[in-house]
Amino acid sequence: MRRPIIAGNWKMHNTINEAVELVNGLNRNLADVDSVDIVVCPTYTALSDVNELLIDSNIALGAQDVYWEEKGAFTGEISPQMLKDVGASYCIIGHSERRKYFNETNETVNKKTKAALNAGLLPIVCVGESLEEREANRTFDVIKDHIEGSLQGLSKENMANVTIAYEPVWAIGTGKNATPDQAQEVHKYIRGLLKDLFDEEVANNTRIQYGGSVKPDNIKDLISEEDVDGALVGGASLKVDSFTGIVKGAVT
Ligand code: PGA
């Protein structure tokens, strides 16, 4: 049985005070949830303060990106070791906004994923097709390219620490989620790719989250699909009530 994982991607939202207020609310509401892995991914500037509030919490800390070098002259970048140092255990890598606005490629996603794993972080590797690609019937080709490129050279042992997030770009921040059937179709395809790339055990054990307009009222239908193991949540992770509703909706 794969344990559900719900992660909140706060993107470029929340001052430190707002972040603290949000996490205090989540700690209050979610303390009794023990069957779901819960992760919040604040901006870099709020990581340290949020970490203080998560020390005795069932909520884990994640970052939204990472660089692949350990240290050096890389102005503006943050290393995996620095994320460990600030208390993060997870790290989102290759989010479609990074691929679209910041020239992230499969190659950089792959380097970041390997560096994160070497430092003991748990990467959440994002893949997903655009609307144009879906309409051109290229969804599976794009997913194959993202999965193979992003996970290239990883070992089976590495994969025990990797979560995949399937996020169709057309569903992110649009209010238009993939239907449970659409999500299941791609999640199942990804599991097949993992079997080809690694083996059946990796395919069965790897958690695949769905992301894109997840809300308290659609999480249950999504997560009841066989190959959907959780959600990567943007907008609805910014409010205590909606993120609480999503996490509780994932409790089996
Ligand atoms: P959304 O974002 O929930 O606001 O659609 C999801 C994501 O980008 O991870």
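So, how was this worked out
- Residues numbered from 1 in each chain as written.
- Predicted model: local features only at pLDDT ≥ 70, side-chain atom pairs only at ≥ 80, totals over all residues.
- Heavy atoms only, no water.
- Helix = DSSP H or I, 4+ residues; strand = E, 2+ residues; numbered from the N terminus.
- Rg over C-alpha atoms; globule rule 2.2 N^0.38 Å.
- Buried < 20%, exposed > 50% of the residue type's maximum accessible area, 1.4 Å probe, protein only.
- Contact = heavy atoms within 4.5 Å.
- Lys, Arg positive; Asp, Glu negative; His and termini not counted.
- Charge placed at Lys NZ, Arg CZ, Asp CG, Glu CD.
- Arc of directions from axis to C-beta.
- Phe/Tyr/Trp six-rings, centres within 6.5 Å; stacked < 30°, edge-to-face > 60°.
- Lys NZ or Arg CZ within 6 Å of the ring centre and 35° of its normal.
- Pairing = 2+ DSSP bridges.
- Right-handed = clockwise from strand over helix to strand, strands pointing away.
- Near = heavy atom within 4 Å.
- Polar contact = N/O pair within 3.5 Å; in protein donor to acceptor, adjacent residues only side chain to side chain.
- Areas by Shrake-Rupley, 256 points an atom, 1.4 Å probe, with all protein chains shown as cover.
- Salt bridge = Lys/Arg side-chain N within 4 Å of Asp/Glu carboxyl O.

Caption draft 1: Representation of the overall build of the protein chain. For the protein chain, the helix and strand inventory stands at twelve helices and eight strands. Here the protein chain has a C-alpha radius of gyration of 17 Å; the compact-globule value for 252 residues is 18 Å, and the two agree. In terms of overall dimensions, the protein chain has a C-alpha envelope of 45 × 45 × 35 Å along the principal axes. Evaluated residue by residue, the protein chain yields a buried proportion of 53% over its 252 residues. Long-range contacts, defined as pairs at least 24 residues apart, comprise 72% of the intrachain contacts of the protein chain with a sequence gap of at least 6. Side-chain charges of the protein chain comprise 25 positive and 38 negative groups, with the mean position of each set lying 1 Å from the other.

Caption draft 2: Just helix α2 (residues 47–54), in detail. All of the buried residues along α2 are Leu47, Val50, Asn51 and Leu54. In a view along the axis of α2, the buried residues occupy a sector of 105°, so they form one face of it. On its buried face, α2 sits against α1 (16–30), β2 (37–41), β3 (59–63) and α3 (80–86).

Caption draft 3: Layout of the packing of aromatic side chains. Under the definition given, this model contains five aromatic pairs. Ring geometry for Phe140 versus Tyr189: centroids 4.3 Å apart, planes at 20°, classification stacked. On the criterion of sequence distance, the pair formed by Phe140 in helix α7 (residues 139–150) and Tyr189 in helix α9 (residues 180–197) is long-range, its members being 49 residues apart. Since its relative accessible area comes to 33%, Phe140 is described here as partly exposed. Look at Tyr189 and you get partly exposed, because its relative accessible area is 21%. One aromatic cluster is present, formed by Tyr67, Trp68 and Phe74 through successive ring pairs. Directly above the aromatic system of Phe102 lies the positively charged group of Arg98, at a separation of 4.2 Å from the ring centroid.

Caption draft 4: Main features of the pairing of strand β1 (residues 5–9). Most of β1 is tucked away, with five of its five residues classed as buried. Burial along β1 is two-sided: Ile5, Ala7 and Asn9 and Ile6 and Gly8, pointing in opposite directions, are all buried. Strand direction decides the pairing type here: β1 and β2, joined by five bridges, are parallel. Note on β2: the bridge partner recorded for Ala7 is Val39. You can see the chain leave β1, run along α1 and come back into β2, and the turn it takes is right-handed.

Caption draft 5: Layout of the site of the ligand. Lining the immediate environment of the ligand, one finds 13 residues, of which Lys11, His95, Glu167, Gly173 and Ser213 sit closest. Within the backbone of Ser213, one N or O atom sits 2.7 Å away from an oxygen atom of the ligand. In the model, an oxygen atom of the ligand is placed 2.8 Å from a nitrogen or oxygen of the Gly235 main chain. Contact with the protein chains hides 95% of the accessible area of the ligand, taken as 280 Å² for the molecule alone.

Caption draft 6: Local environment of the pattern of salt bridges. Overall, the coordinates contain 15 salt bridges when judged by the stated rule. As a salt-bridge pair, Asp37 and Arg3 come within 2.6 Å of each other at their nearest N and O atoms. Here Asp37, found in strand β2, pairs with Arg3, found in the segment before β1; they are 34 residues apart in sequence, far enough to count as distant. Exposure remark for Asp37: the relative accessible area of 19% places this residue in the buried category. Judged by its relative accessible area of 36%, Arg3 is partly exposed. Close ionic contact of Asp229 with Arg191 constitutes a salt bridge, the shortest N to O distance being 2.8 Å. Of the two residues, Asp229 is situated in the loop between α11 (219–223) and β8 (230–233) and Arg191 in helix α9; the sequence distance between them amounts to 38 residues.

Caption draft 7: Quick look at the environment of Gln184. Note on placement: Gln184 falls in helix α9. Under the relative-accessibility criterion, Gln184 is labelled buried at 12%. With residues up to four places along the chain from it excluded, the contact list for Gln184 reads Glu225, Glu226, Asp227 and Val228.

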